[in-house]
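Given next are the chains, with one letter for each unit.
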Amino acid sequence: MQLRLPTSISEAQRCLAEGAVPIGGATLVWAAWQRDGFPEQAVSLRNLPEATAVGPEEVGGAVLLHRVDATVPEALHRAASQVGTGAVRRTATVGGNIVGSTLRDLLPAALVLDARATVLESDGVYEADLSEVVAKRQLLLGLRWNTPLTSGYTKLEGDPGGPPPLVVAAAVQSGGTGPGRLRVAVRDGYEVLSESTPYDPDADRAWTALERTDLGGLPAQARDTVRAQITDVLARAAG
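Residues numbered from 1 in each chain as written. Predicted model: local features only at pLDDT ≥ 70, side-chain atom pairs only at ≥ 80, totals over all residues. Heavy atoms only, no water.

Caption draft 1: Here's a closer look at the pairing of strand E8 (residues 140–144). Of all 5 residues making up E8, 4 are buried, and the element is well covered by its neighbours. Bridging between strand E5 (residues 58–60) and E8 involves 3 bridges; their strand directions are antiparallel. Its bridge partner being in E8, Gly60 is matched across the sheet by Gly142. Where strand E6 (residues 116–121) lies against E8, 4 bridges are found, and the strand directions are antiparallel. Bridged to Ala117 within E8 is Leu143. (Buried < 20%, exposed > 50% of the residue type's maximum accessible area, 1.4 Å probe, protein only. Helix = DSSP H or I, 4+ residues; strand = E, 2+ residues; numbered from the N terminus. Pairing = 2+ DSSP bridges.)

In structure tokens form, the structure reads like this:
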């Protein structure tokens, strides 16, 4: 297998046009390739500046999880820091976790940040809705968002061999001249739910509004975790 390492968007597009298969840290695809056979060509974006940026309002798809530090909002930082083991975080990428994984630990955090996805294809680069990128398993060049007032992330302990542990992320977004919004995303099993409501500093009223959405149908423990998370982020936003 030839591994191609483009250093520009145009070079990366040429790799894709010539049939190279996207590869990140290979933590998810290596076993499948060993079983089913390796492609003739693979392409990694790890040398592409647009895919390796980390900042207060952006993260590249090829960024290794251990590099997602406190520069980014708390929800995304905490999500990346709790994926797997240290060895996994030193090889797995943002794009691989969000698009290539069935667990998608970072997806709830990206959703509450109202992140915009940038997609790389052989014929161009464009912005797309994050849910569409996940559904179509597109090549994620990076994410961009507006800095939230506050954000938070909770991941419960899971049972060995059991379903994925519950994940709850929340963020309060500024509304400019308006009151802004409270966004909440939950991974329950393998499903991810995302809802939002106009900002209200009162946690009980905020939960009452969210309870009318699909979040109200979550199991009791999940609902309690959501309430605790929104209480925390609303208190920090007000204080």
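Resuming the write-up.
Caption draft 2: Just the nonpolar core, in detail. By size, the foremost hydrophobic cluster in this structure holds 35 residues, and its most contacted members are Leu76, Ile98, Leu106 and Leu143. Judged by nonpolar contacts, the second largest core, of 18 residues, contains Ala170, Ala203, Trp207 and Val226. (Core = buried A, V, L, I, M, F, W, Y, C linked by side-chain atoms within 4.5 Å.)

Caption draft 3: Up close: the pattern of salt bridges. For the structure on display, the rule yields 12 salt bridges. In this structure, Arg144 engages Glu58 in a salt bridge whose closest nitrogen and oxygen atoms are separated by 3.3 Å. Remark: Glu58 occurs in strand E5 and Arg144 occurs in strand E8; sequence separation between them is 86 residues. Residue class for Arg144 comes out partly exposed when judged on its relative accessible area of 42%. Judged by relative accessible area, which is 25%, Glu58 ranks as partly exposed. We note a salt bridge from Arg116 to Glu127, for which the minimum N-O separation is 4.0 Å. Highlighted residues: Arg116 in strand E6 and Glu127 in strand E7 (residues 124–128), separated in sequence by 11 residues. (Salt bridge = Lys/Arg side-chain N within 4 Å of Asp/Glu carboxyl O.)

Caption draft 4: The environment of Trp207, seen in detail. Its location among the elements puts Trp207 in helix H8 (residues 203–211). As a C-alpha pair, Trp207 and Thr231 span 24 residues in sequence and 8.9 Å in three-dimensional space. Once residues lying within four places of it in the same chain are set aside, the contact partners of Trp207 are Leu215, Arg223, Val226, Arg227 and Ile230. (Contact = heavy atoms within 4.5 Å.)

Caption draft 5: Fine view of the confidence of the model for the chain. Confidence along the chain averages 91 in pLDDT terms, with 94% of residues attaining 70 or more. Mean pLDDT across the elements of the chain ranges from a minimum in helix H2 (residues 30–36), with 68, to a maximum in helix H6 (residues 107–112), with 98. (pLDDT = per-residue confidence, 0-100.)

Caption draft 6: Region of interest: the packing of H8 against helix H9 (residues 220–238). The interhelical angle for the contact between H8 and H9, taken along N-to-C directions, is 135°, at an axis separation of 9 Å. Classified by the angle between their axes, H8 and H9 sit oblique to one another. When the axes of H8 and H9 are compared, the crossing they make is right-handed. Of the residues in H9, those in contact with Ala203, Asp204, Ala206, Trp207 and Leu210 of H8 are Arg223, Val226, Arg227, Ile230, Thr231 and Leu234. When the residues that make up the contact of H8 with H9 are grouped by side-chain class, the tally is 7 nonpolar, 1 polar and 3 charged. (Axes fitted to C-alpha atoms, helices over the stretch in contact; angles between N-to-C directions. Parallel < 35°, antiparallel > 145°, perpendicular 65-115°, else oblique. Left-handed = near helix turned anticlockwise from the far one by under 90°. Nonpolar A, V, L, I, M, F, W, Y, C, P; charged D, E, K, R; others polar.)

Caption draft 7: Structural detail: the side chain of Thr118. With respect to the helices and strands, the residue Thr118 is situated in strand E6. Excluding residues within four positions of it along the chain, Thr118 makes contact with Val125, Tyr126, Glu127, Leu139, Leu140, Leu141 and Gly142.

Caption draft 8: Region of the structure containing helix H1 (residues 9–17). Residues Ile9, Ala12, Gln13, Cys15 and Leu16 constitute the buried set of H1. What you see down the axis of H1 is that its buried residues fit within an arc of 155°, all on one side. Contact partners of the buried residues in H1: strand E1 (2–4), strand E2 (21–22), strand E3 (41–43), E6, E7 and E8. (Arc of directions from axis to C-beta.)

Caption draft 9: Molecular detail of the sheet that holds E2. Spatially, 3 strands are ordered E1-E3-E2 in an open sheet, and the strand pairing comes out parallel. Edge positions in the sheet fall to E1 and E2, since each has one partner strand and no second.

Caption draft 10: Molecular detail of the sheet that holds E5. Strand order in this open sheet of 5 strands is E4-E5-E8-E6-E7, and the pairing throughout is antiparallel. Of all strands in the sheet, those with a lone pairing partner are strand E4 (54–55) and E7, marking the two edges. Sheet topology places E6 next to E7; 5 bridges connect them, and they run antiparallel. Counterpart to Leu120 in the pairing with E7 is Val125. Against the sheet, H1 touches E6, E7 and E8, its axis set at about 60° to E6.

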